Amino acid sequence: MTVCPEELKLIALDKDDIAVVSAHVQDARVRVGEILWQPKDRRFVMALNRFDWMTAVDAQPEAKADYRRCRTALRFERVLDCKCRGVDPSNKNAELNLLAVEFAEQDSPSGSVTLTFSGGGIIRLDVECLEAELTDLGEVFAADLCPDHFTSGSAVA
């Protein structure tokens, strides 16, 4: 296990903030069993292995890139409802690939957060207001490949 020297911690309270969070979690791997909806606490938490895009972008072209994934938690507070489509909650070992996180305001400040996964899976959170936190948990893993959205195949690292 390697520890990430520059751990990421982001708070999202508006559409611009969640766009930054979305950029950092693009291509994160998520195990269905590590998605937790706590209706009583109005909280949604997801553990994920996010691809470290900052390290990949900073890699020197002539050197072999040091691709890595960071163990990370994504948490939403003030969640009123959680719905999913194309995600089987009973298959705890299924792996999902997170593509984007978006917020659509409906009746300010409330709205919906949409987590979009490759293969058509979607989780929608109806929120009282946007209150999210992305926090690296310290553990870092090597990734063999950099995700590539421009090839005909699906590269998962």
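Anything mentioned here points back to the structure above.
Residues numbered from 1 in each chain as written. Predicted model: local features only at pLDDT ≥ 70, side-chain atom pairs only at ≥ 80, totals over all residues. Heavy atoms only, no water.

Any chance you could explain the overall build of the protein here in plain terms?
In terms of regular secondary structure, the protein is built from 2 helices and 11 strands. Starting at the N terminus and walking to the C terminus, you meet the elements of the protein as β-β-α-β-β-β-α-β-β-β-β-β-β. Per-residue burial for the protein yields a buried fraction of 41% across its 157 residues. In the protein, 67% of the contacts between residues at least 6 apart in sequence involve partners at least 24 apart. Accessible surface, the protein as shown: approximately 8,800 Å² in total, 50% of it carbon and sulfur. (Helix = DSSP H or I, 4+ residues; strand = E, 2+ residues; numbered from the N terminus. Buried < 20%, exposed > 50% of the residue type's maximum accessible area, 1.4 Å probe, protein only. Contact = heavy atoms within 4.5 Å. Areas by Shrake-Rupley, 256 points an atom, 1.4 Å probe, with all protein chains shown as cover.)

Would you mind going over the layout of surface pockets with me for this structure?
One simple way to see leftover space: roll a probe sized like a water molecule over the atoms. Taken as a whole, the largest pocket spans an internal volume of roughly 200 Å³. As for the largest pocket, its lining consists of V32, I35, L36, W37, F44, C82, K83, C84, V87, P89, K92 and I123. (1 Å grid on protein atoms, 1.4 Å probe; cavity = no way out; pocket = protein on both sides within 12 Å on 5 of 7 lines; lining within 4 Å. Points joined across faces, edges and corners; volume = space filled by probe spheres on them.)

What am I meant to see in the nonpolar core here?
Soluble globular proteins: nonpolar side chains tend toward being buried together. If you look at the biggest cluster of nonpolar residues, it comprises 30 residues, and the most contacted ones within it are M46, F76, L98 and L115. With 4 residues, strand β8 (residues 95-105) is the largest single contributor of residues to this core. Each residue touching L115, except ones within four places of it in the same chain, is listed here: F44, M46, L74, F76, L98, A100, V101, G121, I122, I123 and L125. (Core = buried A, V, L, I, M, F, W, Y, C linked by side-chain atoms within 4.5 Å.)

Quick question: what am I supposed to make of the environment of Q38 here?
In this fold, Q38 is placed in strand β4 (residues 35-38). A relative accessible area of 22% means that Q38 is categorised as partly exposed. For the pair Q38 and V79, spaced 41 residues apart in sequence, the C-alpha to C-alpha distance is 8.8 Å. Not counting residues within four places of it along the chain, the set of residues in contact with Q38 comprises R43 and V45.

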